[in-house]
Amino acid sequence: MQQVARFEKVTPITQTARMAAAVHGGRAKCLQRLVRLGFNVPTTVALSFDAVHEIARGKAPPVGEILAPFGPAPLLCVRPSSLDQDWGGPSAILNIGMNDARHAALCDSIGEEAANALYLRFIQSYAEHVSRLDPDLFLLPDAPSAEAVAAMRETYEEEMEEPFPEAPQVQLAEVLRSMARAWEGTSARLLRQSKGAPADAGLGLVVQAMALGVGPGESGSGVIGFVDPETGEPQITGRYLRQSQGREALSAASGALYLTNDPRGPSLEECAPEAFAELRAAGDLCRQRLREEMQVEFTIESGRIAILDAVRLPRAPKAAVKIAVSLASEGIIPEAEAVMRIPPVALTALLHRQVDPAAERDIVARGIAASPGAATGRLVLTAEEAEASAGRGEPAILIRRETSPEDIRGMQAARAIVTIRGGVTSHAAVIGRGIGLPCVVGAGDLSIDRQGQVLAPGGRRLKPGDWVTVDGTTGEIIAGEVRLVEAGLDDSFRTLLAWADAERDIGVRANADTPGDAEVARRFQAEGIGLCRTEHMFFEDGRIGLMREVIFSETDEESAAVLSRLLPLQRGDFIRLFEIMGGRPVCIRLFDPPLHEFLPTDTRGLKDMAVMLGKPHAEVKARVEALSEYNPMLGMRGVRLGIAVPQIYEMQARAIFEAAIEAGRAGAPVVPEIMIPLVSAAREVEVVKAMIEAVAAAVRSETGDMVEYRLGVMVETPRAALRAADIAQHASFLSFGTNDLTQMTYGLSRDDAGRFMSAYIRRGVYEEDPFHLLDTEGVGELLQIGAARGRKGRPDVTLAICGEHGGSPRAIAFCRGEGFTYVSCSPYRVPLARLAAAQLAIAERRTAAELPA
């Protein structure tokens, strides 16, 4: 039986002490590593998570055991030590043990002014963080005099109605209680959970002897880093402040020294060259031995360096990628570890412009963050106005109640989209992610009045032409022009993803509806197109009119004549897609939406259409009303439309085959994949399959070229998943469309769910919006059933997922577990999916290696 390691609750940090980050926290373990590297680290004691938890629950702190290693009358500091530094923790408290006797002794050794400064800082921090008094009552004076010390103590005693504690044991015990209880408070728990910490995350504490940083000679404190935290390029960063403690140098309004020689003022390198050289050497050693870029907190006391702490250098996503790739390129860490160090979501900031973190935000409203990135422009309320603005060279932000396919050109012309209704799989959200456009949906606090003004909370009004900024990463709509930070793709980004591709074991394709989407997909190294929604092609210039003519055709001959005019346009689209993808697979979904989406609903639109068609307005209006459905998303769309109006699918199949032949003659051979949408019965597949085979035979007869293609089904209905064994006998592949499958499984409208979803999540009804995070239990069970039965019906069937979930780590993990061949997601999510897939494969291998033989 394997022995379980035992850890003491109070541990002096030495080279050989039994310690672990999972028991004592990352800071405590890092301090032990610094000790092992031979740095001058002040005496330090670590309290385990269990010890701190017991203190928070009321157990008396083991002060005697903690103080034992420090000798008589120590001055101490206490710092938090959580497992992950990003989870934060209570503020550090310095100079514990300061009292009248210690103050008098320090006056003799370091001078009265320095001793007064230490005492004042301790009273201030103790009052604010331990006794929870109003910090405005304990502001530090300009001159640290004995009178100021007496006055601050008197203020404390008046507020607390008791003497200021003199005994170091009492001071330390109260500090430990305060920090332990603060960590377990509700606000702190919610804050760290928002940063990814589990609800029961533990806190360790480190108690360390003070290295004063004040007194005679060159004395002070500072923080130093060795790369630029924004770019990751080599650069000395940080500050040093004479006669200071802790991290005061970072917040000092004036007086701080530069670290390296600088023509603008004095530097540490100039004033204390030996100390500076020692710090540079410390940084190099940390990089090599700790295998990380560290930020080192130090003090200088009469010219002698003490290393108080070293934490992972805070960094922007661009710097994180650069650092990881540099460390791996130099052989300090393996390439696989570099891949594991970058959270996939961090790549979002590298793919899109973002709001500058330092910029002020005048937030007008919030919605659902549907497509990341940020943009600034003038507010417009219609797609036509967005197109007009683009024509004038003016950036536009399109705000709509909701968007429809008819708005596509205006959406493409806008810099960002905001909709009042909708969820993460609504039309605006899907299009925004597909074309890399910042998008916020479900901004229900906004409304549009009859005067064409946007009403916002607090009585605010925005009118067309006003400048606004949209942050699609956070879901915020901001008044005015806000400073943006450009996207950061570089060689390190490409290198990291190349390493990721070498590790992953599942394919990643892109959902791409246009040549522009396909070019983005190729740029991000997608392995093909997993979903091309052909209906989006019909909303280009001139084509919507042709579709309306098809809808209003009175005979098959009229319909065929109009479709013959659409054929070359559709064929041209496919040729361009095939050329861009260079022989990579392209999966084309046949026409899916209900016909009413191509028709206007307002009076002006109906009149304009009547003029275009040369028909009476009353006849047009009657036809539009006849086509309306109570629930069009469950009505005549997808395969149902293809069977009821076969000419559309026949035209599309011919366009695909002719395009494949033409593109194949000029480049790599093309094997198109044709996908039938919204299937629920095997017979539907049989009917469409026969139709497509007939078209293929006709094209072969006309051209003399054999057309090789693959026919598959988009599994979007629960019945299709349940009957997958029958369906797969007629299909080469099954691609699960999780947008509609989620909608039908839950009985939710993805366009309306945003109205109540936040309440459901807040009350714990749903873990997360199921349109945003794949429901691996309910929808997932249908995927499992569909996959298993599909393989039963056809053992060599290809399985994939092509809904908006496809790029999320959770969905990728699920698909890997079920043996899917590939996932397909929006082009701008392809890099995230590549990285997430690699991390899952690496983690699985590591877990397997750790298991006993």
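Quick caveat, the model's predicted, so the values are computed rather than measured.

Rules used throughout
Residues numbered from 1 in each chain as written. Predicted model: local features only at pLDDT ≥ 70, side-chain atom pairs only at ≥ 80, totals over all residues. Heavy atoms only, no water. Helix = DSSP H or I, 4+ residues; strand = E, 2+ residues; numbered from the N terminus. Contact = heavy atoms within 4.5 Å. Areas by Shrake-Rupley, 256 points an atom, 1.4 Å probe, with all protein chains shown as cover. Lys, Arg positive; Asp, Glu negative; His and termini not counted. Charge placed at Lys NZ, Arg CZ, Asp CG, Glu CD. Buried < 20%, exposed > 50% of the residue type's maximum accessible area, 1.4 Å probe, protein only. Expected span 1.5 Å × (residues − 1). Core = buried A, V, L, I, M, F, W, Y, C linked by side-chain atoms within 4.5 Å. Phe/Tyr/Trp six-rings, centres within 6.5 Å; stacked < 30°, edge-to-face > 60°. Pairing = 2+ DSSP bridges. Axes fitted to C-alpha atoms, helices over the stretch in contact; angles between N-to-C directions. Salt bridge = Lys/Arg side-chain N within 4 Å of Asp/Glu carboxyl O. Patch = residues over 30% accessible without salt bridge, like charges linked within 9 Å, V, L, I, M, F, W, Y side chains within 5 Å.

J.: If you had to explain the overall build of the protein to someone new, which residues and values would you point to?
T.: Broken down by element type, the protein carries 34 helices and 30 strands. Along the first, second and third principal axes, the C-alpha atoms of the protein reach 105 × 70 × 55 Å. Here the analysis covers contacts within the protein between residues at least 6 apart in sequence; of these, 67% occur between residues at least 24 apart. Carbon and sulfur atoms make up 49% of the accessible area of the protein, which amounts to about 36,200 Å² in all. Averaged over its 91 positive side-chain charges, the protein has a centre that lies 4 Å from the centre of its 113 negative ones.

J.: Describe in detail unusual backbone geometry, supporting the description with residues and values.
T.: Look at Asn 95: it is not a glycine, yet its phi comes out positive at around 65°. A positive phi angle is found at Ser 302, which is not glycine, with a value near 55°. Examined against the element boundaries, Ser 302 turns out to sit in the loop between strand E8 (294–301) and strand E9 (304–312). Looking at Ser 302, the relative accessible area reads 49%, which means it is partly exposed.

J.: Describe helix H27 (residues 682–703), with residues and values.
T.: Three or four residues apart is the spacing at which side chains of an α-helix point the same way, because the helix has 3.6 residues per turn. Compared with the 32 Å implied by 1.5 Å per residue over 22 residues, the 31 Å span of H27 between its first and last C-alpha is a close match. Within H27, the full set of buried residues consists of Ala 682, Glu 684, Val 685, Val 688, Met 691, Ile 692, Val 695, Ala 696 and Val 699. Contacts made by the buried residues of H27 are with helix H25 (639–644), helix H26 (646–666), strand E26 (673–676), strand E27 (710–715) and helix H29 (724–728).

J.: How would you summarise the environment of Leu 212 if you had to cite specific residues and measurements?
T.: Along the chain, the position of Leu 212 falls in the loop between strand E5 (203–209) and strand E6 (220–227). Residue class for Leu 212 comes out buried when judged on its relative accessible area of 9%. C-alpha separation for the pair Leu 212 and Met 691, spaced 479 residues apart in sequence, amounts to 85 Å. Residues within four places of Leu 212 in sequence aside, it is in contact with Leu 75, Leu 106, Ile 110, Leu 118, Ser 244, Gln 245 and Glu 301.

J.: Lay out the nonpolar core in plain terms, naming residues and giving numbers.
T.: Formed by 145 residues in total, the largest nonpolar core has its most connected members in Ile 342, Leu 347, Phe 574, Phe 578, Phe 591, Phe 657 and Leu 734. No other element matches H26, which puts 11 residues into this core. Beyond its immediate stretch of four places on either side in the chain, Phe 578 contacts Gly 583, Val 586, Ile 588, Ile 656, Ala 659, Ala 660, Ala 663, Val 670 and Pro 672. In this structure, Ile 66, Leu 120, Leu 172 and Leu 205 belong to the second largest nonpolar core, which totals 55 residues.

J.: Pulling in residues and values, what's your account of the packing of aromatic side chains?
T.: Describing an aromatic ring pair means giving the distance of the ring centres and the angle of the ring planes. A complete count under the given rule lists 13 aromatic pairs for this structure. Ring geometry for Tyr 156 against Phe 164: centres 4.9 Å apart, planes inclined by 80°, an arrangement best described as edge-to-face. You can call Tyr 156 buried: its relative accessible area is 2%. The exposure class assigned to Phe 164 is buried, which follows from its relative accessible area of 2%.

J.: Please give an account of the sheet that holds E27 that cites residues and values.
T.: What the 8 strands build is a closed barrel, ordered E23-E24-E25-E26-E27-E28-E29-E30; its pairing is parallel. Between one strand and the next, the sheet's axes are offset by a mean angle of 25°, whatever the strand orientation. Relative to strand E29 (residues 798–801), strand E28 (residues 733–736) runs parallel, the two sharing 4 bridges. Note that in E29 the partner of Ser 735 across the bridge is Ala 800.

J.: Account for the pattern of salt bridges, naming residues and giving values.
T.: Summed over the entire model, instances satisfying the criterion amount to 57 salt bridges. Among the ionic pairs, Glu 292 bridges to Arg 315, the shortest N-O distance being 3.0 Å. Of this pair, Glu 292 sits in the loop between helix H12 (273–289) and E8 while Arg 315 sits in the loop between E9 and helix H13 (317–329), and the two are 23 residues apart along the sequence. A relative accessible area of 10% means that Glu 292 is categorised as buried. In this structure, Arg 654 and Glu 658 form a salt bridge, with 3.0 Å as the shortest nitrogen-oxygen distance. Pair noted here: Arg 654 and Glu 658 are both in helix H26, with a separation of 4 residues, about one helical turn. On the accessibility criterion, Glu 658 (17% relative accessible area) is buried. Through salt bridges with shared partners, a single ionic network connects Arg 291, Glu 292, Arg 312, Arg 315, Glu 337 and Arg 341.

J.: Tell me what's going on with the pairing of strand E2 (residues 44–47), and back it up with residues and numbers.
T.: Side chains Thr 44 and Ala 46 project from E2 onto one buried face, and the interleaved Val 45 and Leu 47 project onto a second face that is buried too. Relative to E2, strand E1 (residues 10–12) is paired through 3 bridges, and the arrangement is antiparallel. In the strand pairing of E2, Pro 12 is matched with Val 45. Where E2 and E5 come together, 4 bridges link them in antiparallel fashion.

J.: An account of the sheet that holds strand E16 (residues 439–441) is requested, with residue identities and associated values reported.
T.: Ordered in space as E11-E21-E20-E13-E14-E15-E16-E12, the 8 strands form an open sheet in which the pairing is mixed. Two strands in the sheet have a free side with no partner beyond their single neighbour: strand E11 (363–366) and strand E12 (368–371). For this sheet the average axis-to-axis angle between neighbouring strands, irrespective of direction, equals 30°. Bridge count for strand E13 (residues 374–380) against strand E20 (residues 467–471) is 5 bridges, and the pairing is antiparallel. Note that in E20 the partner of Thr 376 across the bridge is Thr 469.

J.: An account of the side chain of Glu 218 is requested, with residue identities and associated values reported.
T.: You can see Glu 218 is positioned in the loop between E5 and E6. Setting aside residues no more than four positions away along its own chain, Glu 218 makes contact with Tyr 240, Arg 242, Cys 271, Ala 272, Ile 300, Glu 301, Ser 302 and Gly 303.

J.: So, a negative patch on the surface: which residues are in play, and what are the values?
T.: Taken together, Asp 134, Asp 136, Glu 154, Glu 158, Glu 159, Glu 161 and Glu 162 make up a surface patch of like negative charges. Within the fold, Asp 134 resides in the loop between helix H6 (112–130) and helix H7 (146–160). Overall, the relative accessible area of 40% leaves Asp 134 in the partly exposed class.

J.: Account for the environment of His 129, with residues named and values stated.
T.: Structurally, the position occupied by His 129 is in helix H6. Under the relative-accessibility criterion, His 129 is labelled partly exposed at 21%. Separated by 301 residues in sequence, His 129 and Val 430 place their C-alpha atoms 47 Å apart. For His 129, the contacting residues outside a window of four places in its chain are Ser 91, Ile 93 and Ser 178.

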